[in-house]
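Structural description and commentary
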Amino acid sequence: MAEAAYTGACEAGEAVLIAAESAQPEALLLADAFVFACPENLATMSGAMKEFFDRCYYPLLGRIEGRAYATLIAAGSDGSGAQAQIDRIATGWRLRRVAEPLIAITHAQTPEAILAAKRVDAATLASCHEMGQALAEGLALGVF
């Protein structure tokens, strides 16, 4: 999902794809907008995404206000828990949501399905691509 959004953004402008584990506050200071993408695990954002926000929240507080953001979440059945957590953090940073949350439901409910590699359908990947493209175009046009 993140790669699809990144590809769309690159077609319409400039973008950088950074894994949560590698993201540092300095890189976020250079960004005009953000797409936060993660799986939902146990009704919450992934540990890697939580650690990213723990590491970056205070160093960026008061420094990225007003920037645009969007979210991509892969979930077994719901996605709203991870979405709510990210929105709370974005509110603290005073970011501006510019696209509806995109939540892909994988329907993984058994231990085997939960542990298996997931595939997101082509229509969802196309929506991710369009989101990235629209975000980059909006930035280029000064809409965001």
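Use the structure listed above.
Cut-offs and rules
- Residues numbered from 1 in each chain as written.
- Predicted model: local features only at pLDDT ≥ 70, side-chain atom pairs only at ≥ 80, totals over all residues.
- Heavy atoms only, no water.
- Helix = DSSP H or I, 4+ residues; strand = E, 2+ residues; numbered from the N terminus.
- Buried < 20%, exposed > 50% of the residue type's maximum accessible area, 1.4 Å probe, protein only.
- Contact = heavy atoms within 4.5 Å.
- Phe/Tyr/Trp six-rings, centres within 6.5 Å; stacked < 30°, edge-to-face > 60°.
- Expected span 1.5 Å × (residues − 1).
- Axes fitted to C-alpha atoms, helices over the stretch in contact; angles between N-to-C directions.
- Left-handed = near helix turned anticlockwise from the far one by under 90°.
- Nonpolar A, V, L, I, M, F, W, Y, C, P; charged D, E, K, R; others polar.
- Polar contact = N/O pair within 3.5 Å; in protein donor to acceptor, adjacent residues only side chain to side chain.
- Core = buried A, V, L, I, M, F, W, Y, C linked by side-chain atoms within 4.5 Å.

**Observations concerning the environment of Ala-90**
- Residue position: Ala-90 is located in helix α4 (residues 80-93).
- Residue Ala-90 is classed as buried on the basis of its relative accessible area of 2%.
- Along the primary structure Ala-90 and Asp-121 are separated by 31 residues, whereas in three dimensions their C-alpha atoms are 28 Å apart.
- Excluding anything up to four places from it in sequence, Ala-90 contacts Tyr-69 and Leu-95.

**A few points about the packing of aromatic side chains**
- Summed over the entire model, instances satisfying the criterion amount to 9 aromatic pairs.
- Centre to centre, the rings of Phe-36 and Phe-52 are 6.2 Å apart; their planes meet at 45 degrees, and the pair counts as tilted. Of the two residues, Phe-36 is situated in strand β1 (residues 33-41) and Phe-52 in helix α3 (residues 47-60); the sequence distance between them amounts to 16 residues.
- Using a relative accessible area of 4% as the deciding quantity, one classes Phe-52 as buried.

**Digging into α3**
- The first and last C-alpha atoms of α3 sit 20 Å apart over 14 residues, in line with the 20 Å expected at 1.5 Å per residue.
- Restricting attention to buried positions, one finds in α3 the residues Met-49, Phe-52, Phe-53, Cys-56, Tyr-57 and Leu-60.
- Among the residues trailing α3, Gly-62 stands out with phi positive, at a value near 80 degrees.

**Notes on the packing of helix α1 (residues 2-12) against helix α6 (residues 122-141)**
- Relative to each other, α1 and α6 sit at 35 degrees, their axes nearing to 6 Å. In terms of crossing hand, the pair formed by α1 and α6 is right-handed. Residues Ala-4, Ala-5, Thr-7, Gly-8, Ala-9, Glu-11 and Ala-12 of α1 pack against Leu-125, Cys-128, His-129, Gly-132, Gln-133, Ala-136 and Glu-137 of α6.
- A breakdown of the residues in the contact of α1 with α6 according to their chemical character gives 7 nonpolar, 5 polar and 2 charged.

**Some remarks on the side chain of Gln-83**
- With respect to the element layout, Gln-83 can be found in helix α4.
- Apart from residues lying up to four places away in sequence, Gln-83 is in contact with Thr-71, Ile-73, Arg-97, Pro-101 and Ile-103.

**Quick look at the side chain of Thr-71**
- Its location among the elements puts Thr-71 in strand β3 (residues 68-75).
- At 2.8 Å, the side chain of Thr-71 forms a polar contact with the side chain of Gln-83.
- Within the local environment of Thr-71, its side chain forms a polar contact with the side chain of Arg-97, the two groups lying 3.1 Å apart.
- Setting aside its immediate chain neighbours within four residues, Thr-71 contacts Phe-36, Gln-83, Ile-86, Arg-97, Pro-101, Leu-102 and Met-131.

**What about the environment of Asp-32?**
- Note that Asp-32 resides in the loop between α2 (25-29) and β1.
- Each C-alpha atom, one on Asp-32 and one on Ala-15, is 9.7 Å from the other, the two residues being 17 residues apart in sequence.
- Sequence-distant contacts of Asp-32, defined by excluding residues within four places in its chain, comprise Arg-67, Ala-68 and Leu-139.

**Re the nonpolar core**
- Core analysis: the biggest nonpolar cluster contains 23 residues, and Phe-36, Phe-52, Phe-53 and Trp-93 have the highest contact counts within it.
- Residue assignment for this core shows that the elements contributing at least two residues are β1, α3, β3 and α4.
- Tallying contributions element by element places α3 first for this core, with 6 residues.
- Residue contacts for Trp-93: discarding those within four places in its chain leaves Leu-28, Phe-36, Phe-52, Phe-53, Cys-56, Tyr-57, Leu-60, Leu-61, Ile-64 and Glu-65.
- Counting residues in hydrophobic clusters, the runner-up holds 9 residues, among them Ala-4, Leu-102, Cys-128 and Met-131.

Scope: geometric values only; no functional claims are made or implied.
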